[in-house]
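Chain by chain, the residues:
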Amino acid sequence: MSNYHIKHLEEYYQIYRKSIREPENFWEEVAEEHFLWRKKWDKVLSWDFAKPEIKWFEGAKLNITENCIDRHLVTRGEKTAILFEPNNPDEPAQHITYQQLFERVNKMANVLKSQGIKKGDRVCIYVPMIPELAIAILACARIGAIHSVVFAGFSATALLTRINDSDCKMVITSDGSYRGAKTIDLKGIVDEALESCPGIEKVLVVKRTGGNITMKEGRDMWLQPLLDEASKQCPAEIMDAEDPLFILYTSGSTGQPKGMVHTTAGYMVYTAYSFKNAFQYRENDVYWCTADIGWITGHSYIIYGPLANGATTVLFEGVPSYPDFGRFWEIIDKHKVNQFYTAPTAIRALAKQGSEMVEKFDLSSIKVLGSVGEPINEEAWHWYNDNVGKKKSPIIDTWWQTETGAIMITPIPFVTPTKPTYATLPFIGVQPAIVNEAGEELKGNQVEGRLCIKFPWPSMARTIWRNHKRYKETYFSTYKNMYFTGDGALRDEVGYYRITGRVDDVIIVSGHNLGTAPIEDAINEHPAVAESAIVGFPHDIKGTALYAFVTLKDAGESRIHENLRKEINQLITERIGPIAKLDKIQFTAGLPKTRSGKIMRRILRKIAEKDTSNLGDISTLLNPECVKEIMDEAL
Ligand code: 6R9
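Residues numbered from 1 in each chain as written. Predicted model: local features only at pLDDT ≥ 70, side-chain atom pairs only at ≥ 80, totals over all residues. Heavy atoms only, no water.

## Focus on the overall build of the chain
1) Next: Broken down by element type, the chain carries 20 helices and 30 strands.
2) Next: Relative to a compact globule of 635 residues, whose C-alpha radius of gyration would be 26 Å, the chain shows 24 Å and is just as compact.
3) Next: Considering only C-alpha atoms, the chain reaches an extent of 75 × 65 × 55 Å along its principal axes.
4) Next: The buried share of the chain, reckoned over its 635 residues, is 62%.
5) Next: Pairs at least 24 residues apart make up 71% of the contacts formed inside the chain by residues separated by at least 6 positions.
6) Next: Just so you have it, the chain exposes about 24000 Å², and 49% of that area is on carbon and sulfur atoms.
7) Next: Charged side chains of the chain number 75 positive and 81 negative; the gap between the two group centres comes to 2 Å. (Helix = DSSP H or I, 4+ residues; strand = E, 2+ residues; numbered from the N terminus. Rg over C-alpha atoms; globule rule 2.2 N^0.38 Å. Buried < 20%, exposed > 50% of the residue type's maximum accessible area, 1.4 Å probe, protein only. Contact = heavy atoms within 4.5 Å. Areas by Shrake-Rupley, 256 points an atom, 1.4 Å probe, with all protein chains shown as cover. Lys, Arg positive; Asp, Glu negative; His and termini not counted. Charge placed at Lys NZ, Arg CZ, Asp CG, Glu CD.)

Shown next as structure tokens:
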């Protein structure tokens, strides 16, 4: 296991340099040492960013579930694989061992097969944070079906768009879900979505809340009776290295969400390697990532990365505020969590409650703290460091994306000296570049620009589902021969990276990626609305919150604005989900536009941020007069 745990900074640099000089040898060694292959690869890497086409471990055959489950059975059969902590603290936690996980995944895989699912079929998984979510994902992977998990907080419209985009044949869901004190009628949302999803043949329903639901004859089935009948042996489908493992949607700056396609071998190798090294996971540690499995963080660092390492991974159904704001700390204490990975938005919300909530619990088990999802501000970083880590547990600020599949820039705990708000150094094998707007790479330190990646890494998304053209345009066309991340970054005097935020129209709210376009589309659906533009503005808890500038069709609209605001937010909740709700809605007579008719969001952003000292030259606008009015009436 020589190169699988990095011990000191010198060793990091040594391994890093090797991974850059001889990437193929490096990843080949990692792949050979740590995984179970049915057949080894013929070629480690072939790539062409111009096409773009990227292949890792071509010719290899494997099944990721044999790596995440079967091979651990001999030595870790009785070890807890998934530690389930329910929403209600009075409901007992469940320890699912590797042996039990093996049986449950196989049974589920057999159910999928018996319901007509074959290798390559797409299965939509719309299940809350309960063990069946992980089991459904792994069952798909077992038989080579491509899972497409949709976050169970998304609306019917968001769900149906995703189901139809990837032509799913089946939906796996639950009767309902618990979130704090709320119970959500998940099956009702699925029923509504499926009115517009002709491709769905079967719906499997997990019983969770026992709520009243309707089952459509011939389409909907309770899962449990099918599992009871199923065999606990299901041979793993042997997959090619580059066979798709899953699709996961992420917002783009325009149009529909993008179905990022991740493939099997490279994703497995890199998520497993990064999990072990970025968290310094040791056998018998209890690891907890609070993300929802509906996001990439949950895919890579609740399921695949930890299980490929034979780790114990906590799966928490609830929310940080229920039954009170001490819940996270209580869980860390109860299960003696060693690595804790959460988002800045959660840290800010918890910090707002003061430190008393944290002090009630024993957090001495914590070794490593992680942060992901958006830049962590200095205040939140210190609160996390002082109150949760007690200044002795390194914080790894991990920068990465749905598209990158796994962590790309991060400190290695106990190895890389941390610096608040800096993601610090590239992970092994990652070659970042900072470029200026002209696309020239800015070499050396103390530079700032746009963040690109120059060389392929094993877990990168290979395409956008059935839209390779968009994949090329979005990521490989802005700068020649580089993957463009959409983020801005700077490199300081010692070579540490700091991510400065999105440079496109994606807004990160509470760590969730939201594209402006679908939100504006939802607002514009309101019959009274003529046009709208969304920008982000700084928010204590959410990091960034949404500010909408809306023009009405009839400027003398008689209805009171407060009602309109409610109706607009209601529409957004229906079309996208509550995460996209607007914090501020300003009605205005016009939106600033360029002569070619593009809304100048840059100006609106400055107004929303209350930074109007330097709006730049507005004289070239089509309608400069509207800017003053918007400024005068800003909320
Ligand atoms: C993993 C995940 C990706 C975008 C990314 C960036 C922002 C994520 C960050 C961060 C600064 C960090 N982001 N982690 N910004 N520091 N540590 O969040 O994936 O949902 O696709 O979001 O999130 O802007 O481009 P995803």
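Now, onward.
## Points about the pattern of salt bridges
1) Next: Going through the model one piece at a time under the given rule, you end up with 44 salt bridges.
2) Next: As a salt-bridge pair, Glu-283 and Arg-76 come within 2.6 Å of each other at their nearest N and O atoms. Of this pair, Glu-283 sits in the loop between α10 (265-279) and β16 (286-289) while Arg-76 sits in helix α4 (residues 73-76), placing them 207 residues apart in sequence.
3) Next: What makes Glu-283 partly exposed here is its relative accessible area of 39%.
4) Next: Among the residues examined, Arg-76 registers a relative accessible area of 19% and is labelled buried.
5) Next: In this structure, Glu-91 and Arg-208 form a salt bridge, with 3.2 Å as the shortest nitrogen-oxygen distance. Taken together, the positions of Glu-91 in the loop between β4 (80-85) and β5 (94-97) and Arg-208 in the loop between β11 (202-206) and β12 (220-222) put the pair 117 residues apart, joining distant regions of the chain.
6) Next: The class for Glu-91 is partly exposed, based on a relative accessible area of 24%.
7) Next: Its relative accessible area of 19% is what places Arg-208 among the buried residues.
8) Next: Linked by salt bridges that have partners in common, Glu-85, Arg-327, Glu-330 and Lys-334 make up one network. (Salt bridge = Lys/Arg side-chain N within 4 Å of Asp/Glu carboxyl O.)

## Some words on the site of the ligand
1) Next: Near the ligand, the surroundings consist of 17 residues, among which Asp-397, Thr-398, Thr-402, Asp-487 and Arg-502 are the closest.
2) Next: Within the contact set of the ligand, a nitrogen atom lies 3.1 Å away from a backbone nitrogen or oxygen of Gly-373.
3) Next: Within the side chain of Asn-513, one N or O atom sits 3.4 Å away from an oxygen atom of the ligand.
4) Next: Where the shell around the ligand is concerned, the elements lending two or more residues are α11 (296-308) and β25 (497-502). (Near = heavy atom within 4 Å. Polar contact = N/O pair within 3.5 Å; in protein donor to acceptor, adjacent residues only side chain to side chain.)

## A look at empty space enclosed by the protein
1) Next: Going through the model one piece at a time under the given rule, you end up with three cavities of 30 Å³ or more.
2) Next: Volume-wise, the largest cavity comes out at about 50 Å³.
3) Next: What lines the largest cavity is simply Asn-63, Ile-64, Ala-141, Gly-144, Ala-145, Met-239, Pro-244, Leu-245 and Thr-264.
4) Next: Along the lines of polarity and charge, the residues of the lining of the largest cavity split into six nonpolar, three polar and no charged. (1 Å grid on protein atoms, 1.4 Å probe; cavity = no way out; pocket = protein on both sides within 12 Å on 5 of 7 lines; lining within 4 Å. Points joined across faces, edges and corners; volume = space filled by probe spheres on them. Nonpolar A, V, L, I, M, F, W, Y, C, P; charged D, E, K, R; others polar.)

## Quick notes on the UniProt feature "domain: Acetyl-coenzyme A synthetase N-terminal" (unreviewed entry) in the chain
1) Next: According to UniProt, the "domain: Acetyl-coenzyme A synthetase N-terminal" (unreviewed entry) feature falls on residues 12-68.
2) Next: Taken end to end, residues 12-68 has its terminal C-alpha atoms 26 Å apart, with 47% of it in helix and 25% in strand. (UniProt positions renumbered as here; feature names shortened; annotations may be inferred.)

## Some words on the sheet that holds strand β30 (residues 584-587)
1) Next: Spatially, the three strands line up as an open sheet ordered β28-β29-β30, and their pairing is mixed. The sheet terminates laterally at β28 (529-539) and β30, the two strands that pair on one side only. When the angles between neighbouring strand axes are averaged without regard to direction, this sheet yields 20°.
2) Next: In this sheet, β30 lies alongside strand β29 (residues 543-552) in parallel orientation, the contact comprising four bridges. If you follow Val-550 over to β30, its bridge partner there is Phe-587.
3) Next: Strands in contact with helix α18 (residues 561-575) are β28, β29 and β30; relative to β30, the strand with the most contacts, it is inclined by about 125°.
4) Next: Each of β28 and β29 touches helix α19 (residues 601-608); the most contacted strand, β28, lies at about 50° to it. (Pairing = 2+ DSSP bridges. Axes fitted to C-alpha atoms, helices over the stretch in contact; angles between N-to-C directions.)

## Focus on the nonpolar core
1) Next: Ranked by size, the top nonpolar core spans 126 residues in total, and within it Trp-37, Phe-57, Leu-101, Leu-112, Ile-125, Ile-172 and Tyr-304 carry the most contacts.
2) Next: Among residues more than four places away in sequence, those in contact with Leu-112 are Ile-117, Ala-139, Cys-140, Ile-143, Met-170, Ile-172 and Leu-204.
3) Next: Formed by 44 residues, the second largest nonpolar core is a distinct cluster that contains Ile-163, Val-205, Ile-572 and Ile-576. (Core = buried A, V, L, I, M, F, W, Y, C linked by side-chain atoms within 4.5 Å.)

## With respect to the domain arrangement of the chain
1) Next: Under the domain assignment, the chain is made up of domain 1 (9-489) and domain 2 (510-633).
2) Next: Averaged C-alpha coordinates put domain 1 and domain 2 at centres separated by 33 Å.
3) Next: Summed over both sides, the interface of domain 1 with domain 2 buries roughly 1300 Å², with 52% coming from carbon and sulfur.
4) Next: Interface area lost by domain 1 to domain 2 is led by Ser-251, Thr-345 and Arg-348, which between them contribute 27%.
5) Next: Contributing elements (two or more residues each) for the side of domain 1 that touches domain 2: α7 (156-165) and α13 (344-351). (Domains from an automatic or database assignment. Buried area = accessible area lost by both parts, 1.4 Å probe.)

## Digging into the pairing of strand β22 (residues 447-453)
1) Next: Of all seven residues making up β22, five are buried, and the element is well covered by its neighbours.
2) Next: Note: strand β21 (residues 432-435) against β22, four bridges, orientation antiparallel. In the strand pairing of β22, Ile-434 is matched with Leu-451.
3) Next: As paired elements, β22 and strand β24 (residues 483-491) share six bridges and run antiparallel to each other. Note that in β24 the partner of Ile-453 across the bridge is Tyr-483.

## Some points on helix α12 (residues 327-335)
For an α-helix, 3.6 residues make a turn, and residues three or four places apart therefore share a direction.
1) Next: Across the nine residues that make up α12, a large majority, seven, are buried.
2) Next: Of the residues making up α12, those classed as buried are Arg-327, Phe-328, Trp-329, Ile-331, Ile-332, Asp-333 and His-335.
3) Next: At the exit of α12 stands Lys-336, carrying a positive phi of roughly 50°.

## Considerations on the environment of Ser-46
1) Next: On the secondary structure map, Ser-46 appears in strand β1 (residues 43-48).
2) Next: Placed 410 residues apart in sequence, Ser-46 and Pro-456 show a C-alpha to C-alpha distance of 9.3 Å.
3) Next: Within polar-contact distance, the side chain of Ser-46 engages the side chain of Glu-58 at 3.4 Å.

## Looking at the packing of helix α1 (residues 9-21) against helix α2 (residues 23-34)
1) Next: Interaxial distance between α1 and α2 falls to 5 Å at its minimum, and their mutual angle equals 115°. Contact residues: Ile-15, Lys-18, Ser-19, Ile-20 and Arg-21 in α1; Pro-23, Phe-26 and Glu-29 in α2.
2) Next: Considering only residue class, the contact of α1 with α2 consists of four nonpolar, one polar and three charged.

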